[in-house]
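# Coordinate analysis (summary)
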Amino acid sequence: MDSRLLLLQKEQELNQLREAALIELEQRYAAKEQECHELLDKFNQLQADFEYNIQLLEGRDQELQQYDSDASLQAEALADCQRQLAELQEACEEARKELKAERAARQEEEFLAQTNCQELRQQI
């Protein structure tokens, strides 16, 4: 009976060891499961942040494209204005030359008219 009792005692010890090992495994499993949930939450937050940042970058890219387009239009408008200014300056210079020539012609006509008047007076 001693051997049966010893066998029974050993089986109980073995069952207790199995039960303790099972409890420890369940606790480790629960801890790992909790860690997995936390990591998944962090991953989901990182993914949401990443998508938000991507949207910000896309919006900024669109703004930059609009600024580039606006700058290009402004550069074209400036070049057009500069071309028009050059044409107007050229036309103004041409008008000044014509005015100068017209004044010279009038002075010459006045001189000739005065000379003719003096000659006519002398003839009278």
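Our subject is the structure listed above.
Here is a short report on the structure shown in this document. These numbers come from a predicted model, not from an experiment.

## Regarding the overall build of the protein chain
- Counting secondary structure elements, the protein chain contains one helix and zero strands.
- Scaling as 2.2 N^0.38, a compact globule of 124 residues should have a C-alpha radius of gyration of about 14 Å, whereas the protein chain reaches 52 Å, well beyond that.
- Expressed along its principal axes, the backbone C-alpha trace of the protein chain runs to roughly 180 × 10 × 10 Å.
- In the protein chain, which comprises 124 residues, the proportion classed as buried is 0%.
- For the protein chain, the exposed area adds up to about 12100 Å²; of that, 55% sits on carbon and sulfur atoms.
- The average position of the 14 basic charges and that of the 29 acidic charges among the side chains of the protein chain differ by 4 Å.

## Overview of a nonpolar patch on the surface
- A cluster of nonpolar side chains, contributed by Phe50, Ile54 and Leu57, occupies part of the molecular surface with about 280 Å² of accessible area.
- With respect to the secondary-structure elements, Ile54 resides in helix H1 (residues 2-123).

## Side note on the environment of Ala104
- Along the chain, Ala104 turns up in helix H1.
- In this structure Ala104 comes out as partly exposed when scored by relative accessible area, which is 41%.
- Between the alpha carbons of Ala104 and Ser3 there is a distance of 146 Å; along the sequence they are 101 residues apart.

## Examining the pattern of salt bridges
- Considering all chains together, one arrives at six salt bridges under this definition.
- Two residues, Glu35 and Lys32, come together in a salt bridge whose shortest N-O distance is 3.7 Å. With a gap of three residues between them, Glu35 and Lys32 both fall in helix H1, about one helical turn apart.
- Owing to a relative accessible area of 37%, Glu35 belongs among the partly exposed residues under this scheme.
- In this structure, Arg83 engages Asp80 in a salt bridge whose closest nitrogen and oxygen atoms are separated by 2.1 Å. Taken together, the residues Arg83 and Asp80, both in helix H1 and three residues apart, mark about one turn of the helix.
- On the accessibility criterion, Arg83 (42% relative accessible area) is partly exposed.
- Looking at Asp80, the relative accessible area reads 29%, which means it is partly exposed.

Each value, and the rule that gives it
- Residues numbered from 1 in each chain as written.
- Predicted model: local features only at pLDDT ≥ 70, side-chain atom pairs only at ≥ 80, totals over all residues.
- Heavy atoms only, no water.
- Helix = DSSP H or I, 4+ residues; strand = E, 2+ residues; numbered from the N terminus.
- Rg over C-alpha atoms; globule rule 2.2 N^0.38 Å.
- Buried < 20%, exposed > 50% of the residue type's maximum accessible area, 1.4 Å probe, protein only.
- Areas by Shrake-Rupley, 256 points an atom, 1.4 Å probe, with all protein chains shown as cover.
- Lys, Arg positive; Asp, Glu negative; His and termini not counted.
- Charge placed at Lys NZ, Arg CZ, Asp CG, Glu CD.
- Patch = residues over 30% accessible without salt bridge, like charges linked within 9 Å, V, L, I, M, F, W, Y side chains within 5 Å.
- Salt bridge = Lys/Arg side-chain N within 4 Å of Asp/Glu carboxyl O.

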